[in-house]
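What follows is each chain in one-letter form.
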Amino acid sequence: MNSDAFVFFGATGDLAQKKVFPALQALARDGRLDIPVIGFARSPWSDAHFREHAKKSIEQHDTLDPAAFERLARHLHYVRGDYTDPAAFERLAKALGSAKHPLHYLAIAPSRFEMVVRGLHAAGCTEGARVVVEKPFGRDLASARELNATLHASFDESAIFRIDHYLGKEPVQNLLYYRFANSFLEPIWNRNHVASVQITMAEAFGVQGRGAFYDEVGATRDVVQNHLLQVLALLAMDPPVNTGADALRDEKLRLFRAIRPLATDQVVRGQFAGYRNETGVAPNSNVETYVAMRLAIDNWRWAGVPIYIRAGKNLPLTCTEVQVELVRPPQRLFPDDPPHAANTLRFRLSPDVLIAQGARVKAPGEAMAGRDVELIARRAAHEDRLPYERLLGDALRGDAALFTRDDCVEAAWAVVQPALNETAPVEPYEPGTWGPAGAARLIAGGHWHNPHLTPPTPPSA
Ligand code: BG6
């Protein structure tokens, strides 16, 4: 069943400008949004002002497609209101007219979810409706449970869509596809052949004016509990029995439950120099803008394989990459065997897209000496579709496969929970470096794999 109206809370906010309006334009372009789109927020705007705001947002953050925008603009309406005001929700109900299955998109702080859901419920707007909620879904396990209870009071779990925009990214979906559409990976995808897994999410920018938000959150809550644990789940879970939403989420859940709760001595938190001067940040803030951790998965497939995850702001470049190292050959046959793992699998998730397999080949010449090469399975300059276009389109159709289920979101919080209230001082690092020196101590006998943006030189014939 398709939704027949799109209601958008937080329509005047930052996320709306950057991600949501461009996605709505793309959906309108494909003819997938011929329904009323109602913005709901506190600013005293008219429909015309709202349309103009949408247009400017798209011009600033994407490319305006005049025909597609026109198609979207026809459907844009605005309802002004306070989230605590029952009359505002009555106005919304009126604006919904004959719509029977609206989709309510809560692009607002989780502290407001309850108010909005109650308002919607009281005005009769939750019946037959779906709700899409933004991350962060709570700030720890207890608050996630509370949020789930709040949502469940008005919506069935099948009508709740928890967004993690990473799951809408093509290269992230490709992890699932590549693993299970091929048979060559499965025999080696386990503790017998994989030596370690590293996931790095590096960003070359700071908090970009979001200091007040970020200082409440920090790197672990902002990107590890959600984006990076989802990436890990796709890399490490068992094959789902089919591609249905529940089959996928069942396997993710089993994986999350097998991850040992993060021990505090397996985490290094860092903060870039200058963070405390950002607007909205406490002058004595101990919030991490960088986190590195070592996780363990206690199941037959992964027991004993270290999983390293790190994420940071103001690192040397912007890139998300997975590097899987395979175990070394059992015998050191050639004298020039390198100190690093010869066989790797590299999944670049952004800014470009890459799947590559590292190997050693003999260098031409008399000596039995070699060099590293990479077999490239897929390379693309960037991903084509906007994650929000994909996700909002799926939610409008009621396809929940790329959304996080209640039990999965709670299980992911349980993984990072022990490290959330860490009071030990963050380790400082200089902007433009790979984070605090202390992160190296998490990797015994190895090192962090730092992504580099220039493509490796192709091997000569
Ligand atoms: C968001 C985080 O969820 O993801 C940001 O709040 C982060 O801090 C962003 O920068 C990264 O997503 P993307 O798709 O821009 O790489």
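Residues numbered from 1 in each chain as written. Predicted model: local features only at pLDDT ≥ 70, side-chain atom pairs only at ≥ 80, totals over all residues. Heavy atoms only, no water.

Engineer: Can you tell me about the overall build of the protein, naming the residues and giving the values?
Structural biologist: Within the protein, the secondary structure is distributed over 11 helices and 15 strands. Within the protein, buried positions represent 53% of all 461 residues. Within the protein, contacts between residues separated by at least 24 positions form 76% of all contacts whose residues are at least 6 apart in sequence. When the accessible area of the protein is evaluated, it comes to approximately 20,100 Å², of which 53% is carbon and sulfur surface. Averaging the locations of the 51 positively and 54 negatively charged side chains of the protein gives two centres separated by 1 Å. (Helix = DSSP H or I, 4+ residues; strand = E, 2+ residues; numbered from the N terminus. Buried < 20%, exposed > 50% of the residue type's maximum accessible area, 1.4 Å probe, protein only. Contact = heavy atoms within 4.5 Å. Areas by Shrake-Rupley, 256 points an atom, 1.4 Å probe, with all protein chains shown as cover. Lys, Arg positive; Asp, Glu negative; His and termini not counted. Charge placed at Lys NZ, Arg CZ, Asp CG, Glu CD.)

Engineer: Describe the sheet that holds strand E10 (residues 307-312), naming the residues involved and giving the relevant values.
Structural biologist: The strand order across the open sheet formed by nine strands is E14-E13-E12-E11-E7-E10-E9-E8-E15, and the pairing between neighbours is mixed. Both outer strands of the open sheet, strand E14 (370-380) and strand E15 (427-429), are each paired with one neighbouring strand and no more. Mean inter-strand twist for the sheet, computed between neighbouring axes without regard to direction, equals 20°. Pairing of strand E7 (residues 194-202) with E10, which is carried by six bridges, proceeds in the parallel orientation. Within the sheet, the bridge partner assigned to Ala202 lies in E10 and is Gly312. Taken strand by strand, helix H7 (residues 170-181) contacts strand E12 (344-350), strand E13 (353-362) and E14, and its axis lies near 145° from that of E12. Helix-sheet contacts for helix H8 (residues 211-236) involve E7, strand E9 (290-295), E10, strand E11 (319-326) and E12, and the interaxial angle to E10 is about 140°. (Pairing = 2+ DSSP bridges. Axes fitted to C-alpha atoms, helices over the stretch in contact; angles between N-to-C directions.)

Engineer: Residue-level account of the domain arrangement of the protein, with values.
Structural biologist: On domain assignment, one finds that the protein holds domain 1 (5-134) and domain 2 (167-442). Each of domain 1 and domain 2 has a C-alpha centre, and these two points are 33 Å apart. Taken together, the contact pairs 19 residues of domain 1 with 10 residues of domain 2. Where domain 1 abuts domain 2, roughly 1,200 Å² becomes buried across the two surfaces, and 68% of that area is made up of carbon and sulfur atoms. There are one salt bridge connecting domain 1 and domain 2. With a closest N to O distance of 3.4 Å, Glu389 and Arg32 form a salt bridge. There are four residue pairs in polar contact (both at pLDDT 80 or more) connecting domain 1 and domain 2. Elements with a contribution of two residues or more to the side of domain 1 that touches domain 2: helix H1 (14-29), strand E4 (102-106) and strand E5 (130-133). Take the side of domain 1 that touches domain 2: its biggest share by element is eight residues, from H1. Its residues placed into classes, the side of domain 1 that touches domain 2 shows 13 nonpolar, no polar and six charged. (Domains from an automatic or database assignment. Buried area = accessible area lost by both parts, 1.4 Å probe. Salt bridge = Lys/Arg side-chain N within 4 Å of Asp/Glu carboxyl O. Polar contact = N/O pair within 3.5 Å; in protein donor to acceptor, adjacent residues only side chain to side chain. Nonpolar A, V, L, I, M, F, W, Y, C, P; charged D, E, K, R; others polar.)

Engineer: So, the sheet that holds strand E3 (residues 76-80): which residues are in play, and what are the values?
Structural biologist: Spatial strand order, E3-E2-E1-E4-E5-E6: six strands in an open sheet with parallel pairing. The sheet is open, and its two edges are formed by E3 and strand E6 (160-162), each paired on a single side. Strand-to-strand twist across the sheet, computed as the mean angle between neighbouring axes with direction ignored, equals 20°. Across four bridges, strand E1 (residues 5-9) lies against strand E2 (residues 37-41) in parallel orientation. Its bridge partner being in E2, Phe6 is matched across the sheet by Val37. Strand contacts of helix H6 (residues 141-152): E5 and E6, with the helix running at about 150° to E6, the strand carrying the most contacts.

Engineer: Hey, could you go over the pattern of salt bridges for me, with residue numbers and the actual values?
Structural biologist: The full count for this structure, using the stated rule, is 29 salt bridges. Notably, a salt bridge pairs Asp65 with Arg29, separated by 3.0 Å at the nearest N-O pair. With Asp65 in the loop between helix H2 (47-61) and helix H3 (66-73) and Arg29 in helix H1, this residue pair connects regions lying 36 residues apart in the sequence. Since its relative accessible area comes to 23%, Asp65 is described here as partly exposed. Using a relative accessible area of 40% as the deciding quantity, one classes Arg29 as partly exposed. One salt bridge connects Arg390 with Asp394, and the closest N-O pair in it is separated by 3.2 Å. On the criterion of helical spacing, the pair formed by Arg390 and Asp394 is a turn pair, its members being four residues apart in helix H10 (residues 387-397). Because the salt bridges share partners, they merge into one network encompassing Arg179, Glu186, Asp238, Glu251, Arg254 and Arg301.

Engineer: Describe the nonpolar core, and please don't skip the residues or the numbers.
Structural biologist: By size, the foremost hydrophobic cluster in this structure holds 141 residues, and its most contacted members are Phe9, Leu24, Tyr105 and Phe347. Examining the composition of this core, we find that 12 residues originate from one element, H8, more than from any other. Split by domain, this core shows at least three residues from each of two domains, domain 1 (5-134) and domain 2 (167-442). (Core = buried A, V, L, I, M, F, W, Y, C linked by side-chain atoms within 4.5 Å.)

Engineer: So, the packing of aromatic side chains: which residues are in play, and what are the values?
Structural biologist: Tallied over the full model, the rule gives 21 aromatic pairs. Judged by centre distance (6.2 Å) and plane angle (75°), the rings of Tyr214 and Tyr275 are edge-to-face. Residue Tyr214 is found in helix H8, and its partner Tyr275 is found in the loop between strand E8 (267-272) and E9; the two are separated by 61 residues along the sequence. The same class applies to Tyr214 as to Tyr275, namely buried. Members of the aromatic cluster, connected to one another through ring pairs, are Phe6, Phe8, Phe21, Trp45, Phe50, Tyr78 and Tyr105. The ring of Tyr83 has Arg42 lying over it, and the distance from NZ or CZ to the ring centre is 5.8 Å. Seen from the ring of Tyr166, Lys169 lies directly overhead, with NZ or CZ sitting 4.8 Å from the centre. (Phe/Tyr/Trp six-rings, centres within 6.5 Å; stacked < 30°, edge-to-face > 60°. Lys NZ or Arg CZ within 6 Å of the ring centre and 35° of its normal.)

Engineer: Break down the site of the ligand for me, with residues and values.
Structural biologist: Surrounding the ligand, one finds Lys19, Lys135, His165, Lys169, Met201, Glu203, Phe205, Arg210, Asp222, His227 and Lys313. Between the ligand and Glu203, the relevant distance is 2.6 Å, taken from an oxygen atom to a side-chain nitrogen or oxygen of the residue. At 2.8 Å from an oxygen atom of the ligand is found a side-chain nitrogen or oxygen belonging to Arg210. Of the residues belonging to the shell around the ligand, the class tally is two nonpolar, two polar and seven charged. (Near = heavy atom within 4 Å.)

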